[in-house]
Amino acid sequence: MTYCFYICVCLCLVIFQTTIIPHIALFNNFYDLLIPFIIYLGLFRPAREGILFILVLGFIMDSLSGGPFGLYLTTYFWLFIVVKIVIKYLHACNNILLLFIVAAGVLMENIIFIASVSMFGPDSRFLAITMRAVIFQILWAGCTGFFFITFFNHIHKKLEKFSIFRSGTKIT
Amino acid sequence: MIVVNIIILSVNSSRYSSYGSWRIAIFFIAPFQKTVTQSVQFLKNIWGHYFFMVSVAQENDNIKKAINQPIDKNNKNREVEFTPERLSNFRLRNLLNFRETMTNQVLVAEVISQDPSPWFKTIIIDKGKSDGVEKGLPVVVPEGIAGQIIDISYNYSKVLLIIDPNSAVDALVQRTRDRGLIKGESYGRCLSKYVLRKHDVKVGDTVVSSGLDGVFPKGLRVGYVTEIVKRNSGIFQEVTVMPYVDFEKLEEVLIVLDSPKHDFDFVSEQ
């Protein structure tokens, strides 16, 4: 049930990101929608359950993207590790943490991506335009990231309850 | 672990490779993407039709009023010409006309998705190996060059757009015939590299493909010069080129099936 939920969410997010978002001018500088999901897995799910899924997700995104192979894999893997380290010191349900963690994740992804793009050759104008895009992405993440994580958590809890309820009725 | 990760990324950055994983991913994802894209197009058309009907109703009212107000009627009719329905027809007609004017054998393909990352510019189209598409074939639209096929599966292909930092097109300025290498800049513009300082390039000049890269047919439009920077030192000038193609609104493309091919294997054997 849990893995079905993960697959459905990721499929929806990937398709939404690659087919619908490019058609909406408002979301020109929208962030990677899978980041809130990776953070959700890091915050609320056991490492063993999340890591394999994250690697598969990174592999799929790398295959769909025109960037160097391994870029998404690297980003998602390290983001997951960082989140796991962070929750050793902070409570996962801390609202202030949830507000900032997606924005921090988006920033981390962009740093890795920009470093990778810069390998093709530095350009003075690139940085100015990039900065603007990154700031917009972080703002979007700050405004909406919290809701995504809360939504994933809420749906997953409901599904787990439903699953327990179903198995309970079967036993009785 | 971090060092190994950086080394792998550096190696992969030097040249595009999906290690065949693309076929596996696209096999599962592309059918959904195609369905969603077609649904979006369908909804767009319905929306367009709705507006078209509204426009027609408005036009009808206007015609009634037009007996007394002929100028007002003209303006409203002009509005009707720009409904999404008409724009879509215009776009397809334009593509068809362009296809007829091309001497090369071409194949029409529909864009089904775009790159998930804003830093890289690729699209996925609904034509693949089963339609005769091969890796390296040029992709064009009536406005000019769009990109090149970099990965193929049985039914789908990935196109590297000319605005991607990995892309390069051998081009020349149409007016002066000065050569340069058009490189993508990832934010919608291109940079013409290796244009000598002594060459008389001006803002507004059209840049066309030279055909010397062995990929793109000669004479296809690439873009126009928007900025020229001549630094105090160096033998080259920096020429910024704005592509004619609006990559944000790319919906259908043409794949040139019989593009010029250079026998590079023969050269390497020599």
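These numbers were taken from a predicted model, which means no experiment stands behind them.

1. Observations regarding the overall build of chain A
Working step 1: Each helix and strand in chain A was counted, giving six helices and zero strands.
Working step 2: Along the chain direction, N to C, the helices and strands of chain A fall in the order α-α-α-α-α-α.
Working step 3: Its C-alpha atoms give chain A a radius of gyration of 17 Å, near enough to 16 Å, the size a compact globule of 172 residues would have.
Working step 4: Once the C-alpha set of chain A is aligned to its principal axes, its extents read approximately 70 × 35 × 30 Å.
Working step 5: The 172 residues of chain A split such that 38% are buried.
Working step 6: For chain A, the share of sequence-separated contacts (at least 6 apart) that also reach a separation of at least 24 residues comes to 73%.

2. A word on the interface of chain A and chain B
Working step 1: Across the contact, 31 residues belong to chain A and 36 residues belong to chain B.
Working step 2: Of all the elements in the fold, those that place two or more residues in the side of chain A that touches chain B are helix 1 (2–20), helix 3 (47–64), helix 4 (71–89), helix 5 (95–118) and helix 6 (124–171) of chain A.
Working step 3: Ranked by the residues each element gives to the side of chain A that touches chain B, the list is headed by helix 1 of chain A, at seven residues.
Working step 4: For the side of chain A that touches chain B, the class distribution of residues is 18 nonpolar, eleven polar and two charged.

3. Overview of the nonpolar core
Working step 1: Formed by 93 residues in total, the largest nonpolar core has its most connected members in Ile 38 and Ile 39 of chain A together with Ile 125, Ala 146, Val 253 and Ile 255 of chain B.
Working step 2: With nine residues, the single largest contributor to this core is helix 5 of chain A.
Working step 3: If you count residues domain by domain, this core takes at least three from each of domain 1 (18–101) and domain 2 (105–258) of chain B.

4. Let's talk about the confidence of the model for chain B
All names here are of chain B.
Working step 1: Of all residues in chain B, 79% have pLDDT values of 70 or greater, and the mean over the chain is 80.
Working step 2: Contacts from residues 264–270, a stretch scored under 50 in pLDDT, to residues over four places away or in other chains number zero contacts.
Working step 3: Interface scoring of the predicted complex returns ipTM 0.82; its pTM is 0.80.

5. Details of the pairing of strand 5 (residues 157–161) of chain B
Residues and elements named next belong to chain B.
Working step 1: Counting buried residues along strand 5, five of its five residues qualify, which places the element largely inside the surrounding structure.
Working step 2: With burial as the criterion, each face of strand 5 is covered, one bearing Ser 157, Val 159 and Leu 161 and the other bearing Lys 158 and Leu 160.
Working step 3: Sheet analysis places strand 2 (residues 122–125) next to strand 5, joined by four bridges and oriented antiparallel. When the sheet's bridge partners are listed, Ile 124 is paired in strand 5 with Lys 158.
Working step 4: The pairing of strand 4 (residues 144–152) with strand 5 spans five bridges and is classified as antiparallel. Paired with Ile 152 across the strands is Ser 157, a residue of strand 5.

6. Observations concerning the domain arrangement of chain B
For interface size, the figure often reported is the accessible area lost on association.
Residue and element names in this part refer to chain B.
Working step 1: Split by domain assignment, chain B resolves into domain 1 (18–101) and domain 2 (105–258).
Working step 2: Contacts between the two partners involve 13 residues from domain 1, matched on the other side by 13 residues from domain 2.
Working step 3: Put simply, the parts of the chain that give the side of domain 1 that touches domain 2 at least two residues each are helix 2 (21–66) and helix 4 (84–101).
Working step 4: Considered class by class, the residues forming the side of domain 1 that touches domain 2 number six nonpolar, four polar and three charged.

7. Some words on the packing of helix 2 (residues 34–44) of chain A against helix 4 of chain A
Residue and element names in this part refer to chain A.
Working step 1: The geometry of helix 2 relative to helix 4 is characterised by a closest axis approach of 8 Å and an angle of 40 degrees between their N-to-C directions. Relative to helix 4, the element helix 2 is oriented oblique. The two elements helix 2 and helix 4 meet at a crossing, and its hand is right-handed. Residues Ile 35, Ile 38, Ile 39, Leu 41, Gly 42 and Leu 43 of helix 2 form the contact with helix 4, whose own contacting residues are Tyr 76, Leu 79, Phe 80, Val 83, Lys 84 and Ile 87.
Working step 2: Partitioned by chemical class, the residues of the contact of helix 2 with helix 4 number ten nonpolar, one polar and one charged.

8. A short note on the environment of Met 131 of chain A
Residue and element names in this part refer to chain A.
Working step 1: With respect to the secondary-structure elements, Met 131 resides in helix 6.
Working step 2: Exposure remark for Met 131: the 12 C-beta atoms within 10 Å place this residue in the exposed category.
Working step 3: Note: C-alpha distance between Met 131 and Asn 110 (21 residues apart in sequence) is 9.8 Å.

9. Topic: unusual backbone geometry
Residues and elements named next belong to chain B.
Working step 1: The phi dihedral of Arg 177 falls on the positive side, at around 65 degrees, and the residue is not glycine.
Working step 2: Tracing the backbone shows Arg 177 in the loop between strand 6 (168–173) and strand 7 (179–184).
Working step 3: Judged by the 10 C-beta atoms lying within 10 Å of it, Arg 177 falls in the exposed class.
Working step 4: Phi is positive for Tyr 194, which is not a glycine, with a value near 60 degrees.
Working step 5: Locating Tyr 194 in the fold gives a position in strand 8 (residues 190–196).
Working step 6: Here Tyr 194 falls in the partly exposed class, since 13 other C-beta atoms lie within 10 Å of it.

10. Side note on the sheet that holds strand 10 (residues 221–229) of chain B
All names here are of chain B.
Working step 1: Strand order in this closed barrel of six strands is 6-7-8-11-10-9, and the pairing throughout is antiparallel. Recorded for the sheet is a direction-independent mean angle of 40 degrees between the axes of neighbouring strands.
Working step 2: As paired elements, strand 6 and strand 7 share five bridges and run antiparallel to each other. Its bridge partner lying in strand 7, Ala 171 is registered against Gly 180.

11. Thoughts on the sheet that holds strand 4 of chain B
Strand pairing in a sheet is mediated by backbone hydrogen bonds. Such pairs are either parallel or antiparallel.
Residues and elements named next belong to chain B.
Working step 1: Judged by pairing direction, the barrel is antiparallel, and its six strands sit side by side in the order 1-2-5-4-3-12 before closing back on the first. When strand polarity is set aside, the average angle formed by the axes of neighbouring strands in this sheet is 45 degrees.
Working step 2: Where strand 3 (residues 138–141) and strand 4 come together, four bridges link them in antiparallel fashion. In the sheet register, Val 140 faces strand 4, and the bridge partner there is Ile 145.

Reading the values: the criteria
- Residues numbered from 1 in each chain as written.
- Chains lettered and ligands numbered in written order.
- Predicted model: local features only at pLDDT ≥ 70, side-chain atom pairs only at ≥ 80, totals over all residues.
- Helix = DSSP H or I, 4+ residues; strand = E, 2+ residues; numbered from the N terminus.
- Rg over C-alpha atoms; globule rule 2.2 N^0.38 Å.
- Buried ≥ 20, exposed ≤ 12 C-beta atoms within 10 Å, placed from the backbone.
- Contact = placed C-beta atoms within 7 Å.
- Nonpolar A, V, L, I, M, F, W, Y, C, P; charged D, E, K, R; others polar.
- Core = buried A, V, L, I, M, F, W, Y, C linked by C-beta atoms within 7 Å.
- Domains from an automatic or database assignment.
- pLDDT = per-residue confidence, 0-100.
- Pairing = 2+ DSSP bridges.
- Axes fitted to C-alpha atoms, helices over the stretch in contact; angles between N-to-C directions.
- Parallel < 35°, antiparallel > 145°, perpendicular 65-115°, else oblique.
- Left-handed = near helix turned anticlockwise from the far one by under 90°.

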